[in-house]
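Residues per chain are reported as follows:
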Amino acid sequence: MLKSCCIYSTGLLSILVLIAGIALVLSHVFPTALNNRIKNEVVLENGTEAYAVWQDPPAPVYMQFYFFNLTNPGEMLKGERPAVMEVGPYTYREYRPMENVTFMENGTKVAAVNPKTYVFEPNMSRGSEDDLIRTVNIPAVTVMEMYKDSFFARLLADLMTGYNVELFVTRTVGELLWGYEDILLKELKKLKPSLDPYFGLFYKMNTTDDGEYVFFTGKQDYQDFARIDQWRGNSSLDWWNTPECNMINGTNGASFHPIISKTERLYMFSSDLCRSIYATFESELSVMGIPAYRFVPPSEVFANKTVNPDNAGFCVGNYCLSSGLLNVSVCKQGAPIIMSSPHFYQADDMFAQDVIGMHPNKEEHQTAIDINPLTGMVVQAAKRLQVNVFVEKLSAFTLTGNVRTLVYPVMYLNESVLIDADSAKKLGAVVQEANVVINIPFMVIGLGVLLGVVFMLLLCCLRTPQSTAAERQPLLES
């Protein structure tokens, strides 16, 4: 009786354990508890790991610059296609801590500036800052475009001729990036004192910030973690033609809210692009053993208004560019700067075909962000942008010759980050702990199944009939 009682108790226990395990799976108790814990911990406030990573990112960030060296300037002036050769990368270590951090509105918002410092890394570069690059004379093109229909055009043309200003310049990498005194701007400063005689693609952008940001801390809503509320004192932009295009959406691209799903859009604001963009899920992958979702900007983000009507507001002066390009002259002091992906990746084929030396491919030229979906932490990212200049023949300026009307590539950048070993170890421990917590219900079900197997084995032993004393006697006796 005692034996039977123990066996049937084991069977009953297995059923109860199975029911409990299934109930835990269906009720999502453990995943919900885990998510609530993550939501409470991923907040921008002193003492949290999330704040420490946001305030001074431990992972090294590198900025790589690739220039397009023009090899046929004479032929280009005669109307032939420009032929360029990609040179680089010229690599800089980028330091970007948050400074002047001030918490606001009971800790629900935080204000800060994000200065960036670039330090040249010779061992990670293919060349030096003294390498010479021949490219389009951006100050001259800018001035000509601004005054091409003005009565001042003739005087300006004579001035440019007198100072031997040409459509192309040869400058060092350091000068093109960080600035040099331009002879044309120097002379024009005499007429317009407010004009800066120096020009550089990243002029005054080393050891400086792009303005004060106000971020949500995520204290009230975890989905607001590190989302931008204001930039330079404004909650929207004023460069574009529609309220939607002027919206400041998302984070600065360095942080994202936790508990990310594959179906959502991740919005980011980029002061380099003067607009907000978004990225969508592309694939799952593992980075240094950490599970991640890869998000990439779809082609619709930079498509023209015929493909994506929401982009109609990015047309400048009632002129809309083809897909894959963005005219940022409105936020670059009138310079005819056009942004795109490197080598015109995802742009209309005509732009790559207009320039000899363009070879767009996804692996090298796509912008991608790899995020751990549980914590929202960026484990790997690569922001890739190309700076182009609109070039055309201007009858008022003989130095333009018979040049084709085209979008000329000057350089592109690859701003990349990969999680450091210490951070990967910490994040890996969090992910491992989360996996254990999430799988507790399945462990309970497994225990129930195991008890059920033990019950069946014991039941079979109980029901096996035992032999009598007579049956155990030998058949033959000596």
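Refer to the structure above for everything that follows.
Reference entry: report on the structure contained in this document. (Residues numbered from 1 in each chain as written. Predicted model: local features only at pLDDT ≥ 70, side-chain atom pairs only at ≥ 80, totals over all residues. Heavy atoms only, no water.)

Any empty space left between the atoms is revealed when a probe the size of a water molecule rolls over them. In total, this model carries five cavities of 30 Å³ or more according to the counting rule given. Volume-wise, the largest cavity comes out at about 140 Å³. Lining the largest cavity are 15 residues, and of these Ala-303, Asn-304, Asn-311, Phe-314 and Leu-325 lie nearest its centre. (1 Å grid on protein atoms, 1.4 Å probe; cavity = no way out; pocket = protein on both sides within 12 Å on 5 of 7 lines; lining within 4 Å. Points joined across faces, edges and corners; volume = space filled by probe spheres on them.)

As for its position among the elements, Thr-108 is in the loop between strand E3 (99-104) and strand E4 (109-113). By relative accessible area, Thr-108 is classed as buried at 11%. Among the polar contacts listed, one links the side chain of Thr-108 to the backbone oxygen of Glu-105, at a separation of 2.7 Å. Among all residues touching Thr-108, those that are not within four sequence positions of it are Phe-215, Phe-216, Thr-217 and Gln-220. (Helix = DSSP H or I, 4+ residues; strand = E, 2+ residues; numbered from the N terminus. Buried < 20%, exposed > 50% of the residue type's maximum accessible area, 1.4 Å probe, protein only. Polar contact = N/O pair within 3.5 Å; in protein donor to acceptor, adjacent residues only side chain to side chain. Contact = heavy atoms within 4.5 Å.)

Burial along strand E17 (residues 368-371) is two-sided: Ala-368 and Asp-370 facing one way and Ile-369 and Ile-371 facing the other are all buried. As paired strands, strand E14 (residues 290-296) and E17 are joined by three bridges and run antiparallel to one another. Within E17, the position partnered with Phe-295 by the bridge is Ile-369. (Pairing = 2+ DSSP bridges.)

On to the pattern of salt bridges, then. In this structure the tally under the stated criterion is 17 salt bridges. Close ionic contact of Lys-262 with Glu-284 constitutes a salt bridge, the shortest N to O distance being 2.4 Å. Residue Lys-262 is found in the loop between strand E11 (228-231) and strand E12 (266-270), and its partner Glu-284 is found in strand E13 (residues 275-287); the two are separated by 22 residues along the sequence. Owing to a relative accessible area of 36%, Lys-262 belongs among the partly exposed residues under this scheme. For Glu-284, a relative accessible area of 52% translates into the label exposed. (Salt bridge = Lys/Arg side-chain N within 4 Å of Asp/Glu carboxyl O.)

As a further point, take the sheet that holds E3. What the four strands build is an open sheet, ordered E3-E4-E10-E11; its pairing is antiparallel. Here the strands that pair on one side only, and so sit at the sheet edges, are E3 and E11. For this sheet the average axis-to-axis angle between neighbouring strands, irrespective of direction, equals 20°. When E4 meets strand E10 (residues 212-216), the two strands line up antiparallel, connected through five bridges. The partner of Val-113 across the bridge, within E10, is Glu-212. (Axes fitted to C-alpha atoms, helices over the stretch in contact; angles between N-to-C directions.)

The next subject is helix H6 (residues 153-162). For H6, the full list of buried residues reads Ala-153, Leu-156, Ala-157 and Met-160. In a view along the axis of H6, the buried residues occupy a sector of 100°, so they form one face of it. Structural note: H6 exposes Arg-154, Leu-155 and Gly-162 on the side pointing more than 90 degrees away from its buried face. Note on H6: the residue one or two positions beyond its end, Asn-164, has a positive phi of about 55°. (Arc of directions from axis to C-beta.)

Before going further, it helps to examine the nonpolar core. Ranked by size, the top nonpolar core spans 109 residues in total, and within it Phe-65, Phe-67, Met-160, Leu-177, Leu-201, Phe-202 and Tyr-408 carry the most contacts. Per-element tally for this core: the top contributor is strand E19 (residues 406-418), with seven residues. Setting aside chain neighbours within four positions, we find Leu-201 in contact with Phe-67, Ile-138, Leu-176, Leu-177, Val-387, Val-410 and Met-411. (Core = buried A, V, L, I, M, F, W, Y, C linked by side-chain atoms within 4.5 Å.)

This part takes up the state of the cysteines. The final tally for this structure, using the stated rule, is two disulfides. There is a disulfide in this structure between Cys-274 and Cys-331, and the S-S distance comes to 2.0 Å. Taking the sign of the S-S torsion, 90° for the link of Cys-274 and Cys-331, the bridge is right-handed. With Cys-274 in the loop between E12 and E13 and Cys-331 in the loop between strand E15 (326-327) and strand E16 (337-340), this residue pair connects regions lying 57 residues apart in the sequence. Each member of the pair, Cys-274 together with Cys-331, is buried. One disulfide in the model links Cys-315 with Cys-320; its S-S distance is 1.8 Å. One quick way to see it: the torsion about the S-S bond of Cys-315 and Cys-320 is about 105°, and its sign makes the bridge right-handed. The exposure class assigned to Cys-315 is buried, which follows from its relative accessible area of 9%. In this structure Cys-245 is not part of a disulfide, and its nearest cysteine sulfur, from Cys-315, lies 8.5 Å away. (Disulfide = S-S within 2.5 Å.)

The next thing to look at is the environment of Glu-392. Position of Glu-392 relative to the elements: it lies in the loop between strand E18 (378-391) and E19. When its relative accessible area of 17% is taken as the criterion, Glu-392 is described as buried. Sequence separation between Glu-392 and Leu-406 is 14 residues, and the spatial gap between their C-alpha atoms is 6.6 Å. Not counting residues up to four positions away in its chain, the partners in contact with Glu-392 are Glu-145, Lys-148, Thr-400, Val-403, Arg-404 and Thr-405. Here the side chain of Glu-392 touches Lys-148 through a polar contact of 3.0 Å, side chain to side chain.

Attention shifts here to the packing of helix H5 (residues 138-147) against H6. Between H5 and H6, the least distance of the axes is 10 Å, while the angle of their chain directions is 160°. Here H5 lies roughly antiparallel to H6, going by the angle between them. Regarding H5 and H6, the two cross each other, and that crossing is left-handed. Touching Ala-140, Val-143, Met-144 and Tyr-147 of H5 are Ala-153, Leu-156 and Met-160, all from H6. Across the contact of H5 with H6, the residue classes tally to seven nonpolar, no polar and no charged. (Parallel < 35°, antiparallel > 145°, perpendicular 65-115°, else oblique. Left-handed = near helix turned anticlockwise from the far one by under 90°. Nonpolar A, V, L, I, M, F, W, Y, C, P; charged D, E, K, R; others polar.)

Remember that the coordinates give geometry; whether it matters functionally is a separate question.
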